[in-house]
Amino acid sequence: MIAIGPVSARTDDGWHLRGEVLAEGARPAVALLLHAMMASRRSMDKPRGAGLAATLAAAGLSVISMDLRGHGESGPSAREGARYTYDDCVLFDVPALVGLTRSLFPDKRVIVVGHSLGAHAALVSAGVFPDKAPDAIASIAGNFWFPSDEPSAARRAAKAATLRTWLAAAEAVGYFDPKPLRIGTDAVALPYIRQFWKVWSSDRYGSIDDRYDYAEALTRVACPVLAVASEGDKLLAHPASVSRFFSRIGSAEKRLRVVTHAEHEGRAPDHMGLVTDARSLPVWREIAQWAAALA
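For clarity, every value in this text was computed on a predicted model and none was experimentally measured.

Student: Could you clarify how one ought to interpret the overall build of the chain in this entry?
Tutor: If you tally the helices and strands in the chain, you get 9 helices and 10 strands. The C-alpha radius of gyration of the chain comes to 17 Å, within 12% of the 19 Å expected for a compact globule of 295 residues. Each of the three principal axes of the chain carries a C-alpha extent, and together these read 50 × 45 × 35 Å. Looking at the 295 residues of the chain, the share that counts as buried comes to 58%. Expressed as a percentage of contacts within the chain between residues at least 6 apart in sequence, the contacts between residues at least 24 apart total 74%. Carbon and sulfur atoms make up 53% of the accessible area of the chain, which totals about 11700 Å². Side chains of the chain carry 34 positive and 32 negative charges; the gap between the two charge centres is 2 Å.

In structure tokens, the structure reads:
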């Protein structure tokens with residue numbers, strides 16, 4: 001029997017990632033929860049015991065929730081001087097956490113349930129390292145900002161302005177702090193923000209050293225993928241952008257689920273609401289049913 005409680009993993013580059021096993025279920029599948037970039041694992045079960053993680057556990061899945069580097073308990077944080085890039089999440093964190101989950105649950109299928117950063121980093125990592133990939137990925141609001149994947153001129157302008165603001169703020173103090181703007185809880189390191197700007201300004205979704213073409217890696221994702229987007233997500237992961245990103249995924253078994261305003265009396269959950277708003281409960285249950293059916 002797996003102990004319910006804290007767990008940790010050490011990445012190949014020496015970072016210690018921390019989190020917890022939340023449930024051991026009877027079904028032959030385990031959900032590895034990975035959070036968004038300005039959040040922590042707490043966002044994946046909010047309120048605790050009644051959020052996304054609890055819904056997956058109630059469906060009989062085992063559940064493990066982890067903090068990516070610089071977030072939550074996987075410090076040091078950017079506010080404490082940590083420096084890391086998006087590449088570190090893709091090339092080190094995701095493989096280490098998938099490996100940890102397999103070691104804890106060797107007889108279960110590993111299904112990443114990622115939100116925003118946790119979603120697109122898991123997808124790209126699965127394409128770069130197919131031998132270290134999970135058995136399936138549920139991508140919640142998963143897309144990456146680069147002009148080729150944004151069909152709206154207005155949203156392209158808004159994204160460029162947003163990234164310039166983030167970069168200027170980060171250059172001034174060494175990190176971007178979302179708290180004053182009430183758009184997140186966890187600060188993001190300057191090198192990470194610089195990489196986001198490089199991807200946007202070059203319109204090339206890839207690693208800093210150009211060794212890995214992440215857009216191409218998406219075409220090599222072979223595991224089943226369920227992608228979720230919301231009409232209430234106006235900029236961060238607009239359904240049109242998610243659809244462009246989704247179309248790059250090479251899996252023969254993939255599905256895109258768009259949460260509509262009509263389902264929610266004219267106001268669908270926003271970017272964070274897809275994992276923190278109780279109105280998303282029907283979608284959480286859909287994810288649980290999908291994961292259980294795969295197993």
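Continuing now.
Student: What is the right way to look at the packing of aromatic side chains in this model?
Tutor: Summed over all chains, the structure comprises 16 aromatic pairs. Aromatic ring contacts, followed pair by pair, group W15, Y84, Y86, F144, F146, Y192, F196, Y205, Y214 and F245 into a single cluster. The cationic tip of K132 hangs over the ring face of F129; the distance from NZ or CZ to the ring centre is 5.1 Å.

Student: Would you mind going over unusual backbone geometry with me for this structure?
Tutor: A negative phi holds for most residues other than glycine; trans holds for most peptide bonds. Cis rather than trans, the peptide bond between K46 and P47 has omega equal to -5 degrees. With respect to the helices, strands and loops of the structure, P47 is situated in the loop between β3 (29-34) and α1 (52-58). Of the consecutive residues G75 and P76, the connecting peptide bond is found in the cis state with omega at 10 degrees. With respect to the helices and strands, P76 occurs in the loop between β4 (62-66) and α2 (86-104). We note that S116 has phi near 55 degrees; this positive angle belongs to a residue other than glycine. Among the residues examined, S116 registers a relative accessible area of 12% and is labelled buried. With phi around 55 degrees, D203 is a residue other than glycine that occupies positive phi space. In this fold, D203 is placed in the loop between α5 (190-202) and α6 (214-218). On the basis of relative accessible area, D203 is assigned to the partly exposed category, the value being 32%.

Student: I keep staring at the layout of surface pockets and nothing clicks. Help me out?
Tutor: The rolling of a water-molecule-sized probe over the atoms marks out the regions of remaining empty space. Approximately 450 Å³ is the volume attributed to the largest pocket. Looking at the largest pocket, it is lined by 22 residues, and the ones nearest its centre are M37, S116, W166, L236 and H271. Within the lining of the largest pocket, the residues separate by chemical class into 13 nonpolar, 5 polar and 4 charged. Lining the second largest pocket are M38, A39, S40, R42, S43, K46, I183, G184, T185, M272 and T276. Its residues placed into classes, the lining of the second largest pocket shows 4 nonpolar, 5 polar and 2 charged.

Student: Could you clarify how one ought to interpret the state of the cysteines in this entry?
Tutor: Working definition: the covalent bond between the sulfur atoms of two cysteines is a disulfide. Taken as a whole and judged by the stated rule, the model has 0 disulfides. In this structure C89 is a free cysteine whose sulfur lies 18 Å from that of C223, the closest cysteine sulfur available. According to the relative accessible area criterion, C223 is buried, its value standing at 9%.

Cut-offs applied
Residues numbered from 1 in each chain as written. Predicted model: local features only at pLDDT ≥ 70, side-chain atom pairs only at ≥ 80, totals over all residues. Heavy atoms only, no water. Helix = DSSP H or I, 4+ residues; strand = E, 2+ residues; numbered from the N terminus. Rg over C-alpha atoms; globule rule 2.2 N^0.38 Å. Buried < 20%, exposed > 50% of the residue type's maximum accessible area, 1.4 Å probe, protein only. Contact = heavy atoms within 4.5 Å. Areas by Shrake-Rupley, 256 points an atom, 1.4 Å probe, with all protein chains shown as cover. Lys, Arg positive; Asp, Glu negative; His and termini not counted. Charge placed at Lys NZ, Arg CZ, Asp CG, Glu CD. Phe/Tyr/Trp six-rings, centres within 6.5 Å; stacked < 30°, edge-to-face > 60°. Lys NZ or Arg CZ within 6 Å of the ring centre and 35° of its normal. 1 Å grid on protein atoms, 1.4 Å probe; cavity = no way out; pocket = protein on both sides within 12 Å on 5 of 7 lines; lining within 4 Å. Points joined across faces, edges and corners; volume = space filled by probe spheres on them. Nonpolar A, V, L, I, M, F, W, Y, C, P; charged D, E, K, R; others polar. Disulfide = S-S within 2.5 Å.

Honestly, that's just the spatial picture; any functional story needs more than this.
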